[in-house]
Amino acid sequence: MSEFRKKVERGFETFGHLVYKWRWAALLFMLSVSAVLALQMPRLTMATSNESFLRSDDPILLAYNSFRDQFGRDELIIIAIQPPDVFDLKFLKKLKALHEDIEVNVPHVNEITSLVNARNTRGEGELLIVEDLLEKWPRNKDDLMVLKKRVMSNALYLNRIISEDGRFTTIIIQTNSFSDQDSDLDVTLGFDDAEKPSINKQEDEPAFLTEKENTAVVMAVSKIVNRYQADDFRLYLAGSPVVTTMVKVSMKKDMQLFIILAVITIGLCLFLMFRRLSGVVLPLLIVLLTLISTLGFMALTGVPVTTLTMVLPSFILAVGVGDSVHILAIFYRHLQKTGKKKDSIIHAMGHSGLAIVMTSLTTAAGLASFATAEVASVADLGAFAGVGVMLALFYSIILVPALIAIIPIKAKSRPQAYRPILDRLLDSITAFSTGHPRAIVTVSAALILISLIAAAQLNFSHDVLKWLPEKSPVRIATQKINDELKGSVTLEVILDTGRKNGLYDPVILKKLDRLSEEIERIELENLFVGKASSVADILKEIHQALNENRPEFYSIPDNPKLIPQEFLLFENSGSDDLEDVIDSHFQIARFTIKVPWLDALKYAPFLKDIEARFRAAFGKDANVTITGLMTLFCRALTAAIHSMGKSYAIAGGVITIMMILLIGNLRIGLISMVPNLAPIIVIIGVMGLCGLPLDMFTMLIGSIAIGIVVDDTVHFMHNFRRYYHETADVTEAVRQTLHTTGRAMLVTSVILSIGFFVLMFASMNNVFYFGMLTGITIFLALSADFLLAPALLAMVINPHSRDNKQV
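Residues numbered from 1 in each chain as written. Predicted model: local features only at pLDDT ≥ 70, side-chain atom pairs only at ≥ 80, totals over all residues. Heavy atoms only, no water.

Focus: the overall build of the chain
- Check the secondary structure of the chain and you find 26 helices and 14 strands.
- Taken along the three principal axes of its C-alpha coordinates, the chain extends 105 × 50 × 50 Å.
- For the chain, the residues scored as buried account for 59% of the 807 residues in total.
- Considering only contacts within the chain whose residues lie at least 6 apart along the sequence, 80% involve residues at least 24 apart.
- Charge-centre separation for the chain: the mean point of 77 positive side chains lies 12 Å from the mean point of 82 negative side chains. (Helix = DSSP H or I, 4+ residues; strand = E, 2+ residues; numbered from the N terminus. Buried < 20%, exposed > 50% of the residue type's maximum accessible area, 1.4 Å probe, protein only. Contact = heavy atoms within 4.5 Å. Lys, Arg positive; Asp, Glu negative; His and termini not counted. Charge placed at Lys NZ, Arg CZ, Asp CG, Glu CD.)

Quick look at the structure:
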């Protein structure tokens, strides 16, 4: 063993002595730090919006915010209604009552559109009249037949406020683009709702609608919908704001459940291991203080809890307990032998101090690989999970010995009954792993090869809707709207002509019209276009009305002089609908494409196709920008894929270097990475065989797992080197390693896996699979450390050499 390592271990022994001597000061200092961070907790916020996935300077998000500045919010709340007959007086009266109820009782609403107030443009002589569709209320069946004919013949109504077969109608709610309030925070269930800061906005500029306000809208609408729900008035509530709100509600409920289950299961495992009250209370105190401090630090830095960082409490509770368990395991064992508390504290710190520092650093390094992620919430998870790991380290090496020194702890008068059984089990593992190394390595290599082949079947995915249970009302409603009204998500194309009044040009308007017809014919597997609309549709509507409402005049006028006149007549009619599709200078136009809610992976080729069509149509005559909710979905997926590859490479490289430096031997350091990487490769292969996709959560498994599972390998290799230098015998060194640190490895792995398995109680599918797969990975890693690592060491170390410098 190198002199440097001996000096470090003696340094930890000295540190243990100092903590023992100044135990009350150490306790007061650590509790003061915890209290300061805990006081920040009320400021903790929550963000689940689609924008929260991306960094604030992401070009896609910048374009989206620019679009919202100009045209308002594209995220609509949709209420689909299925009555026995849409064109029935009784139904229309109830529809009007629902429409008015929403107008009066739902806050932050910019516009509500339904059959009640849909734009009805018609001509009377030389007059252009723009009025609400039901401004003249139908009185009898003849009026209803006229109404039905008018509605079903209006192309702008179809698949927007009425289905093509006339069985479904909708109420479409557009919320305000900007917030109605400053920063009036209201803590709900421990978390407020954060709004992602808008981009390039000065402090005096208005902020976009906050998530708190969005939630208030959805909850108010949901309450009204439940009140009107009936067998003959079936309501389906969907839309992106509803999805994000339901995800947030699930997150809040799940986080509380995770914390309770994790504390109970970790406490039970600790009791079974130590059979001491102190062995349960001390580690739980450490992880709870770590969790509170980490969340307080998030609040202090203004970082909200997001869809991804919701797993942070379970992660910290599981990972943070490991350091204190290793210290206590060595402390209790030495106390049992000597009966001297002070000496046992010093011995435990010297024995485990370096190992737990290195395990914390390797775990933090794995997590730090997320820091450069293009997905903002992934970067936040890596940063604050790493902070939590380091806080757990400091609490463990300072607070644990201080509390041990303060509270009365005595040696047990007799050994615990289960330990002889565990000893025999560990002896059997030692004999098998070192006695059959070639067989173990061969089987492991075969599993890795099969897993690599299976991993080729993996697909990427990003579908927030599928995170919710299949029977979730919003998921059912979204599918119903996809089927009956051909879509609930929009793609926005912004066309900038580059000149004032550029949209008076009939050539440009006719190109927009032709593109609408082309795009509405697109069908790519499950992706189809339900509606494509632009300012050209409004102009055609005006032109028809001004020409005696004759259908053959539903077209763009050829005379360029007519276009500004017709637009002016429309504006003078009192309608402000042009503001929704063009800017005030008639330079920039909005082209909206409605499609079904699908996995973001399926949108990518569609986006490229749309952009290519527009660039081919307009060339250099106009600047084309693709934006909208769909682009956020696609950008989040592509950013996650890119970030995953980069984080895996960074985590693997940094941890490999740290393992080599810790072990002090290049060959053994590289070999030690095999049992760390093998479980990750196998679990990815299992995902490929089972058809589970790599989504925002499962992509994290590799980098998180390698940071966690390497901890056991560090402890194993650290202690193996110690015992091999004493015995120069691989089998005996493995046996002593498993009998000392192996016990703690077993318990910490059980605790870690349980900490992730509790995520399987989540109401969201993505969290369920993340918890299950990460928990299995940790068990595989323990098996690799108990079987594969000793087998590899037995193969590479010459058993006939007494040279302990081999390791």
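Describing the pairing of strand 13 (residues 588–595)
- Within strand 13, eight of the eight residues are buried, which leaves the element mostly enclosed by the surrounding structure.
- Neither face of strand 13 is exposed, since Ile588, Arg590, Thr592 and Lys594 on one face and Ala589, Phe591, Ile593 and Val595 on the opposite face are all buried.

Observations regarding the environment of Leu677
- Within the secondary structure, Leu677 is located in helix 23 (residues 674–690).
- Through-space distance from the C-alpha of Leu677 to that of Phe528 is 42 Å; in sequence the pair is 149 residues apart.

Considering helix 6 (residues 211–228)
- Along its 18 residues, helix 6 runs 26 Å from first to last C-alpha, staying within 8% of the 26 Å computed at 1.5 Å per residue.
- Those residues of helix 6 that fall on the buried side of the exposure criterion are Glu211, Glu213, Asn214, Thr215, Val217, Val218, Ala220, Val221, Ile224, Val225 and Tyr228. (Expected span 1.5 Å × (residues − 1).)

Side note on helix 18 (residues 535–545)
- By the criterion of burial, helix 18 is predominantly enclosed, with eleven of the eleven residues buried.
- Listed in full, the buried residues belonging to helix 18 are Val535, Ala536, Asp537, Ile538, Leu539, Lys540, Glu541, Ile542, His543, Gln544 and Ala545.
- Those residues of helix 18 that are buried lie in contact with strand 4 (119–124), strand 5 (127–132), helix 17 (506–519), strand 12 (531–533), helix 19 (562–572) and strand 13.

Comments concerning the confidence of the model for the chain
- Looking at the chain as a whole, its pLDDT mean stands at 86, while 94% of the residues score no less than 70.
- With pLDDT under 50 throughout, residues 182–203 is counted as low confidence; its partners more than four residues away or in other chains account for 58 contacts. (pLDDT = per-residue confidence, 0-100.)

What to know about the side chain of Thr434
- With respect to the element layout, Thr434 can be found in helix 13 (residues 419–435).
- From its side chain, Thr434 meets the backbone oxygen of Thr430 in a polar contact 2.6 Å long.
- Beyond its immediate chain neighbours, meaning those up to four positions away, Thr434 contacts Val730, Thr731, Val734, Pro790 and Ala794. (Polar contact = N/O pair within 3.5 Å; in protein donor to acceptor, adjacent residues only side chain to side chain.)

Let's talk about the sheet that holds strand 14 (residues 623–627)
- On the basis of which strands lie adjacent, the open sheet formed by four strands has the order 12-13-9-14 and antiparallel pairing. Here the strands that pair on one side only, and so sit at the sheet edges, are strand 12 and strand 14. Each adjacent strand pair in this sheet contributes to an overall mean axis angle of 15 degrees, direction not counted. (Pairing = 2+ DSSP bridges. Axes fitted to C-alpha atoms, helices over the stretch in contact; angles between N-to-C directions.)

A word on the sheet that holds strand 3 (residues 109–113)
- Taken together, the four strands give an open sheet; going across it, the order is 3-6-2-8, and neighbouring strands pair in antiparallel fashion. Either end of the sheet is taken by a strand with one partner, and the two such strands are strand 3 and strand 8 (234–238). Shown here is a sheet whose adjacent strand axes are inclined to one another by a mean of 15 degrees, direction ignored.
- As paired strands, strand 2 (residues 76–82) and strand 6 (residues 169–175) are joined by six bridges and run antiparallel to one another. Residue pairing for strand 6: Ala80 is matched across the bridge by Thr170.
- Each of strand 2, strand 6 and strand 8 touches helix 6; the most contacted strand, strand 2, lies at about 5 degrees to it.
- Together, strand 2 and strand 8 form the strand contacts of helix 7 (residues 240–274), whose direction differs from that of strand 2 by roughly 100 degrees.

What about the environment of Cys690?
- Looking at the secondary structure, you find Cys690 in helix 23.
- Looking at Cys690, the relative accessible area reads 53%, which means it is exposed.
- Taking the C-alpha atoms as reference, Cys690 lies 9.3 Å from Leu458; in sequence the two are 232 residues apart.

What about the packing of helix 9 (residues 312–319) against helix 25 (residues 730–757)?
- At a closest axis distance of 8 Å, the pairing of helix 9 and helix 25 adopts a crossing angle of 170 degrees. Accordingly, the angle class assigned to the pair helix 9 and helix 25 is roughly antiparallel. Taken together, the residues of helix 25 that come into contact with helix 9 (itself represented by Ser314, Phe315, Ala318 and Val319) are Ile751, Leu752, Gly755 and Phe756.
- When the residues that make up the contact of helix 9 with helix 25 are grouped by side-chain class, the tally is six nonpolar, two polar and no charged. (Parallel < 35°, antiparallel > 145°, perpendicular 65-115°, else oblique. Nonpolar A, V, L, I, M, F, W, Y, C, P; charged D, E, K, R; others polar.)

With respect to unusual backbone geometry
- Positive phi values are uncommon outside glycine, yet Lys486 reaches one of about 55 degrees.
- Residue position: Lys486 is located in the loop between helix 16 (473–485) and strand 9 (489–496).
- Classification of Lys486 by relative accessible area gives partly exposed; the value is 28%.
- A positive phi is found at Ala728, a non-glycine position, where the angle reads about 55 degrees.
- Mapped onto the elements of the fold, Ala728 is located in the loop between helix 24 (700–727) and helix 25.

Remarks on the packing of aromatic side chains
- On inspection of all chains with the given rule, the structure shows 22 aromatic pairs.
- Centroid distance Phe91 to Phe233: 5.5 Å. Interplanar angle 45 degrees. Geometry classified as tilted. With a gap of 142 residues between them, Phe91 in helix 4 (residues 89–105) and Phe233 in the loop between helix 6 and strand 8 connect regions that are remote in the sequence. Note on accessibility: Phe91 and Phe233 belong to one class, buried.
- Between Phe720 and Tyr724 the ring centres are 5.7 Å apart and the planes differ by 20 degrees, which places this aromatic pair in the stacked class. (Phe/Tyr/Trp six-rings, centres within 6.5 Å; stacked < 30°, edge-to-face > 60°.)

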